[in-house]
Amino acid sequence: MSLEQELTRINVMQPWLGEEEVAAVSEVLRSGWVAQGPRVAAFETAFAEAHGVAHAVALSNCTTALHLALVVAGVGPGDEVVVPSFSFVATANAPTYVGATPVFADVDPDTGNLTPATIATAVTPRTRAVIAVDQGGVPLDLLAIRAWCDPLGITVVEDAACAAGSTAHGRPVGAGAELATWSFHPRKLLTTGEGGMLTTSRADWAARARRLREHAMSVSAAERHASVLAPPESFDEVGFNYRMTDLQAAVGLVQLRRLPEMVARRRELAARYAEAVTVLPGMRLVGDPAWGTTNFQSCWLEVLPDHPLDREQMMEHLAAAGISARRGIMAAHRQPAHGERGHAPLPVTERLTDRTLVLPLFHQMSDAEHQRVCDALGTAWRP
Ligand SMILES: *Cc1c(COP(=O)(O)O)cnc(C)c1O
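Please read all numbers here as calculations on a predicted model, not as lab measurements. Numbering of residues begins from 1 in every chain and follows the order in which that chain's sequence is written. In keeping with the model being predicted, local features are shown solely for residues with a pLDDT of at least 70 and side-chain atom pairs are shown and tallied solely at 80 or more, while totals for entire chains, interfaces and linings include all residues. Calculation of side-chain values draws on the structure's entire complement of heavy atoms; hydrogens and water are dropped beforehand.

**Digging into the site of the ligand**
Turning to step 1, where the next piece is worked out: The full set close to the ligand counts 14 residues, and Cys62, Thr63, Asp159, Ser183 and Lys188 are the nearest of them.
Turning to step 2, where the next piece is worked out: Pairs of N or O atoms within 3.5 Å make up the polar contacts considered here, provided that, within protein, one atom can donate a hydrogen while the other can accept it, and that residues adjacent in sequence are counted only when both atoms are side-chain atoms. Between the ligand and Lys188 there is a distance of 2.6 Å, counted from an oxygen atom to a side-chain nitrogen or oxygen.
Turning to step 3, where the next piece is worked out: Only the protein chains shown count as cover for residues, and all accessible areas are computed by the Shrake-Rupley method using a 1.4 Å probe. Expressed as a share of its isolated accessible area of 380 Å², the protein-covered part of the ligand is 92%.
Turning to step 4, where the next piece is worked out: Cavity means a closed set of points on a 1 Å grid over the protein atoms alone, one where a 1.4 Å probe fits but cannot get out, pocket means an open set with protein on both sides within 12 Å along at least 5 of 7 lines, and lining means a residue has an atom within 4 Å of a point. Cavity and pocket membership follows a simple rule, namely that a molecule belongs there if more than half of its atoms are within 2 Å of the grid points. In this structure, the ligand is accommodated by the largest pocket.
Turning to step 5, where the next piece is worked out: Only DSSP runs of H or I with at least four residues qualify as helices, and only runs of E with at least two residues qualify as strands; both kinds are numbered from the N terminus onward. Of all the elements in the fold, those that place two or more residues in the shell around the ligand are α4 (62-72) and α5 (90-97).
Turning to step 6, where the next piece is worked out: Gly is placed with the polar residues, together with every amino acid not listed as nonpolar (Ala, Val, Leu, Ile, Met, Phe, Trp, Tyr, Cys and Pro) or charged (Asp, Glu, Lys and Arg). Class assignment for the residues of the shell around the ligand results in 6 nonpolar, 6 polar and 2 charged. Definition of nearness: a residue and a molecule or strand are near each other if at least one heavy atom of the residue lies within 4 Å of the molecule or strand.

**Focus: the pattern of salt bridges**
Turning to step 1, where the next piece is worked out: For this analysis, a salt bridge means a side-chain nitrogen from Lys or Arg found within 4 Å of a carboxyl oxygen belonging to Asp or Glu. Per the counting criterion, the structure on display carries 21 salt bridges.
Turning to step 2, where the next piece is worked out: Here Asp246 and Arg39 are joined by a salt bridge, their closest N and O atoms 3.9 Å apart. Taken together, the residues span a long stretch of sequence, with Asp246 in helix α10 (residues 246-278) and Arg39 in helix α3 (residues 38-51) at a distance of 207 residues.
Turning to step 3, where the next piece is worked out: For Arg39, a relative accessible area of 18% gives the class buried.
Turning to step 4, where the next piece is worked out: For Arg267, the salt bridge goes to Asp288, with nearest N and O atoms at 2.7 Å. Remark: Asp288 occurs in the loop between β10 (283-285) and β11 (292-293) and Arg267 occurs in helix α10; sequence separation between them is 21 residues.
Turning to step 5, where the next piece is worked out: It is possible to trace a salt-bridge network through shared partners that takes in Asp110, Arg284, Glu302 and Arg351. Using a 1.4 Å probe on the protein chains alone, a residue whose accessible area is under 20% of its type maximum counts as buried, one over 50% counts as exposed, and one in between counts as partly exposed.

**Regarding the domain arrangement of the chain**
A common way to report how large an interface is uses the accessible area buried once the components associate.
Turning to step 1, where the next piece is worked out: An automatic or database domain assignment supplies the residue ranges for each domain. By domain assignment, the chain separates into domain 1 (3-9 + 259-379) and domain 2 (19-256).
Turning to step 2, where the next piece is worked out: Centre-to-centre, using C-alpha coordinates, domain 1 lies 26 Å away from domain 2.
Turning to step 3, where the next piece is worked out: The contact criterion used throughout is that any non-hydrogen atoms of two residues lie within 4.5 Å. Contacts between domain 1 and domain 2 engage 35 residues on the former and 41 residues on the latter.
Turning to step 4, where the next piece is worked out: Put simply, buried area is how much 1.4 Å-probe accessible surface two parts lose in total, over both of them, once they are put together. In total, about 3,200 Å² of surface goes out of reach between domain 1 and domain 2, with carbon and sulfur atoms giving 61% of it.
Turning to step 5, where the next piece is worked out: Three residues stand out in domain 1 for area buried against domain 2, namely Leu259, Trp291 and Gln297, and they jointly supply 24% of the buried area on that side.
Turning to step 6, where the next piece is worked out: Notably, a salt bridge pairs Asp110 with Arg284, separated by 3.6 Å at the nearest N-O pair.
Turning to step 7, where the next piece is worked out: Counting the contacts that link domain 1 with domain 2 gives 20 residue pairs in polar contact (both at pLDDT 80 or more).
Turning to step 8, where the next piece is worked out: At the level of secondary structure, the elements contributing two or more residues to the side of domain 1 that touches domain 2 comprise α10, β11 and α12 (347-355).

**What to know about empty space enclosed by the protein**
By rolling a water-sized probe across the atoms, one finds the places where empty space is left.
Turning to step 1, where the next piece is worked out: Grid points are joined across faces, edges and corners, and a volume is the space filled by probe spheres set on the points. Per the stated rule, a full pass over the model turns up 2 cavities of 30 Å³ or more.
Turning to step 2, where the next piece is worked out: As a volume, the largest cavity reaches approximately 60 Å³.
Turning to step 3, where the next piece is worked out: Met13, Gln14, Pro15, Trp16, Lys188, Leu189, Met262, Arg266, Phe362 and His363 are the residues that line the largest cavity.
Turning to step 4, where the next piece is worked out: Among the residues forming the lining of the largest cavity, the class breakdown is 6 nonpolar, 2 polar and 2 charged.
Turning to step 5, where the next piece is worked out: In this structure, the second largest cavity spans a volume of roughly 30 Å³.
Turning to step 6, where the next piece is worked out: Every residue along the wall of the second largest cavity is listed here: Ala161, Cys162, Ala163, Ala164, Ser183, Phe184, Lys188, Leu189 and Leu190.
Turning to step 7, where the next piece is worked out: Considering only residue class, the lining of the second largest cavity consists of 7 nonpolar, 1 polar and 1 charged.

**Section: helix α7 (residues 142-149)**
Turning to step 1, where the next piece is worked out: Listing the buried residues of α7 in full gives Leu142, Ile145 and Cys149. For α7, the angular spread of the buried residues around the axis is 65°, confining them to a single face. Set apart from the buried face of α7 by more than 90 degrees, the exposed residues are Leu143 and Ala147.
Turning to step 2, where the next piece is worked out: On its buried side, α7 packs onto α6 (116-120), β4 (127-133) and β5 (155-159). An arc is given here, and it is the one of the directions from the helix axis to the C-beta atoms.

**Regarding the side chain of Lys188**
Turning to step 1, where the next piece is worked out: Mapped onto the fold, Lys188 is located in the loop between β8 (179-183) and β9 (196-200).
Turning to step 2, where the next piece is worked out: For the buried residue Lys188, which engages in no salt bridge, the nearest side chain bearing the opposite charge is Asp159, 7.1 Å off.
Turning to step 3, where the next piece is worked out: Once residues lying within four places of it in the same chain are set aside, the contact partners of Lys188 are Met13, Ala161, Cys162, Ser183 and Gln297. Positive charge is attributed to Lys and Arg, negative charge to Asp and Glu, and no charge count is given to His or to the chain ends.

Here is the structure:
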């Protein structure tokens, strides 16, 4: 391998965007309608269909989707919401937006996700909801979680931010959820730059979320546009501006069509990582759970205690080969924003957050780039 190749940096993630997206955005610009409009509506319809859900409400990002999910579910001050600490901080922040308290639960070591057993340790009589994450795209067992939570009247919000294209129990992730939230940030698979979606099985919740994203206006912008003499609007509760633009939705429509191909390519590359890692001692790679398939949004590797390198040394070793891995999923309970909260011991969360790293994986990754990462993992045993 030449020095030049050696020094070419391999990033952890790159969005897969092409001329079709460029054309779609140009068309929106030429149309003159750039804010939330017909393309947002078309993206919602296509997204709902692709994910087997009744209603999809496009939003500015997944954080605002989490906020509205808790609002429509009626979560408020005095309520507790069980969340994994092992997640991007937005998951733990969301309950505080409605005046509720996040309560941290530990996760399963194989999937990095909540289970009925870990949720049970964090539930109190004040628990109103659970935000369960498909962490890194690995589907959680929503059927098992709902079977446990539904009889107790605990609403389950599936934070599927990372999981577009993953499946559970033979259906797309989110299909069995009363409420699910999605992110279209470039760090996920399907991207619109920034963007999010709230999907729900309930028509009343979808209708309220649609109003709340537009300042809780009784007459939508689309309705006003449709009539020459716009009807008077009223504002019946305090709403938000959480809208997606038609520019973003146009990109989303193209990206949604690309999603199956993106997932197939990621699974192919991840399978090759798995082959490489199986023969190496001291490492464990995330994979599919028994009930579903992951999109490998985050293809994480755990550096086990018997490996001569720890996670930080492994990242340095990879960086020396021009490979930009990332520390694994964060733990919200260790951050100053949430550090004061009492919580049960979170041993699995602490182990995974300290020992895992995310390997480079993106659609355009060449076989040579992939091989370079595999080779570097191989030499890490005796660097
Ligand atoms: C990325 C992410 C979010 C936040 O998504 P945004 O669209 O950036 O707001 C929320 N939850 C999880 C699990 C995420 O990975």
